[in-house]
Amino acid sequence: MKNNIVILIILFNILLMPRLMGQSSPNIVLLFVDDWGWSDVGFRNDKFYTPNIDQLKIDGMEFTRAYIPTPTCSPSRASLLTGKEAIRLEMPRHIEPENRDGTSDKKYNYWKNDPANMPSINWLPLEEVTYAEVLKEQGYFNMFIGKWHLGHEPYYPIYQGFDEMYGTGNWGHPKSYYPDFFKDNLLEDYTDEYLTDVLTDKAVNFIAGYDREEPFMMSLWYYNVHSPHVGRKDLVEKYLKKGYNEKEAIYAAMVTSMDESVGRVREALKGKGIDKNTVVFVISDQGGFFSNAPLSGGKIGGNTLGEGGSRVPFLVYYPGVTTPGSVSDTPIQTIDVFPTLAEIASNKTYKYQEIQGISLLPEMKGEKLRSRDLYFYRSYEDQYAAIMSGNWKLIKYRSGKYELFNVVQDVSENNNLIGKDLSIEKKLKRKLKKWEKRAVPVYD
């Protein structure tokens, strides 16, 4: 009898303790950086000092082949939020409001020099399901901090599933990282603070003061390291003293200030006693503005679908799930974040036919994801579509040109294998053509 009572007490404690410790559903922190290149991190490039991100890699897991389906500001955010390829949302380009206050009266904008001559939607439609809305259904409190760039006031985060927001305006970037930060009165009560620190202060205070029973999901979407390139003064001075030229010092300072923010957020989680029950993601929205060597291409220059433009840093720390220091070379895209978050929150596979992303949780647990093809779309330039299948990437141009690379053997994409009579060329051309018919809107 006594043994049975002991067993019942043990079983009761096993069932109860996760609730007492808040471990039935983990908190989630998503740190989304703007224009942060794949090579712009200390563990890959000693020009950058990023001890906190380096430590996150040691503690967690790195996806070395993470990509953006449409490596452009607003489309990358839409894909992250919805799990959909942005071109299917009619968003091939960044949101470009026509009014001085950053608002839009028209649903679509046109880029007169875009060879595709395609409209691009000026906001993320409210009927689209976001990861915040899915997590809210699972009882999460959703906090949004920072850059939105998915529409003006009627389409703000608080109308897309987020419970609270801070530092969010109509603009895709600040006018400066020192006050006055923006063209309007957003964040006006500051004198000499650095914008990234202001947003981080809010994030840290949110974590420290969180007192709800339900788990939280905090999305901190940085304006850093997007232009205008303005580094924090003390960090710029530090890099100048090391012999960096002014441009290098400013950008390195911007990266370091972002790294400091990552460290402060993780320290806040630890100080709250919830670091072992919080999943942390650190991701970039597209390739870097400057050199992305050894990768080719970047945010600008006509080769954004090159590895340097579409491939981004992607790190995740899920205590008790990810193996410290583990690395995945499986090609993934940021559309996979949505179903991953949904599965983390519900402990069930998210099944919704309208999204193109898949959950990364199996890979985070050490299981290999199934092989699949990834697709890309780009506006603005002659280069516009691509498919990635395993080690191979086929890039298509509106002028009729193609490029074919084995991006594992040739990470710098120097050896174009088009016309070498490889069977993979015909196969990928056929697949890409079928995808275009399904995914790319046709306008009269």
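Here, every reference points to the structure presented above.
So, a few notes on the structure that sits alongside this text. Since the structure is predicted, the reported quantities are computational estimates derived from the model, not experimental observations. (Residues numbered from 1 in each chain as written. Predicted model: local features only at pLDDT ≥ 70, side-chain atom pairs only at ≥ 80, totals over all residues. Heavy atoms only, no water.)

**Brief notes about the overall build of the protein**
Here's step 1: Looking only at helices and strands, the protein has eleven helices and 17 strands in total.
Here's step 2: When the backbone C-alpha atoms are referred to their principal axes, the protein occupies close to 80 × 55 × 50 Å.
Here's step 3: Burial analysis of the protein (444 residues in total) assigns 58% to the buried set.
Here's step 4: Taken together, the 54 basic and 58 acidic charged side chains of the protein have centroids lying 6 Å from each other. (Helix = DSSP H or I, 4+ residues; strand = E, 2+ residues; numbered from the N terminus. Buried < 20%, exposed > 50% of the residue type's maximum accessible area, 1.4 Å probe, protein only. Lys, Arg positive; Asp, Glu negative; His and termini not counted. Charge placed at Lys NZ, Arg CZ, Asp CG, Glu CD.)

**Re the environment of E425**
Here's step 1: In this fold, E425 is placed in helix α11 (residues 423-439).
Here's step 2: In this structure E425 comes out as buried when scored by relative accessible area, which is 11%.
Here's step 3: Residues contacting E425, with those up to four places away along its chain left out, are L404, L417, I418, G419 and K420.
Here's step 4: A distance of 2.9 Å separates polar atoms of two side chains, one belonging to E425 and the other to K429. (Contact = heavy atoms within 4.5 Å. Polar contact = N/O pair within 3.5 Å; in protein donor to acceptor, adjacent residues only side chain to side chain.)

**Some details on the nonpolar core**
Here's step 1: The biggest cluster of nonpolar side chains holds 55 residues, and the ones touching the most others in it are W36, I207, F216 and M218.
Here's step 2: Broken down by element, the residue count for this core peaks at twelve residues, all from helix α7 (residues 246-272).
Here's step 3: With residues near it in sequence (within four places) discarded, F216 still touches N27, I28, V29, Y140, F141, F206, I207, Y210, L269 and I274.
Here's step 4: Of all hydrophobic cores here, the second largest spans 47 residues; its members include Y131, W221, V316 and L360. (Core = buried A, V, L, I, M, F, W, Y, C linked by side-chain atoms within 4.5 Å.)

**Examining the pairing of strand β16 (residues 392-397)**
Here's step 1: Along β16, five of the six residues are buried, which leaves the element largely enclosed by surrounding structure.
Here's step 2: Alignment of strand β15 (residues 383-389) against β16, held across six bridges, turns out to be antiparallel. Looking across to β16, one finds that A386 is bridged to I395.
Here's step 3: Where β15 hands over to β16, the hairpin turn is made up of two residues, of which G390 adopts a positive phi near 65°.
Here's step 4: As judged from the five bridges shared by β16 and strand β17 (residues 402-406), these two strands associate in the antiparallel manner. Counted as the bridge partner of K396 is Y402 from β17.
Here's step 5: Joining the antiparallel neighbours β16 and β17 is a turn of four residues, in which G400 adopts a positive phi near 105°. (Pairing = 2+ DSSP bridges.)

**A word on the sheet that holds β16**
Here's step 1: One open sheet holds the four strands; their spatial order is β14-β15-β16-β17, and the pairing between them is antiparallel. Whereas interior strands pair on both sides, the edge strands pair on one side only; in this sheet they are β14 (373-377) and β17. Neighbour-to-neighbour, the strand axes of this sheet turn through a mean angle of 15°, independent of strand direction.
Here's step 2: Taken together, the five bridges between β14 and β15 define a ladder with antiparallel strand orientation. (Axes fitted to C-alpha atoms, helices over the stretch in contact; angles between N-to-C directions.)

**Here's the deal with the packing of helix α5 (residues 195-209) against α7**
Here's step 1: For the pair α5 and α7, interaxial distance at closest approach is 9 Å and the crossing angle is 10°. For the element pair α5 / α7, the angle class is roughly parallel. Contacts between α5 and α7 pair T196, D197, T200, D201, A203, V204, I207, A208 and G209 from the former with S257, M258, S261, R264, V265, A268, L269 and K272 from the latter.
Here's step 2: Looking at the contact of α5 with α7 residue by residue, the classes come out as eight nonpolar, five polar and four charged. (Parallel < 35°, antiparallel > 145°, perpendicular 65-115°, else oblique. Nonpolar A, V, L, I, M, F, W, Y, C, P; charged D, E, K, R; others polar.)

**Regarding the layout of surface pockets**
Here's step 1: If you add up the space inside the largest pocket, you get close to 540 Å³.
Here's step 2: Around the largest pocket sit 26 residues that line it, and H94, I95, H149, H173 and H226 are the ones nearest its centre.
Here's step 3: Of the residues that constitute the lining of the largest pocket, the class distribution is ten nonpolar, nine polar and seven charged. (1 Å grid on protein atoms, 1.4 Å probe; cavity = no way out; pocket = protein on both sides within 12 Å on 5 of 7 lines; lining within 4 Å. Points joined across faces, edges and corners; volume = space filled by probe spheres on them.)

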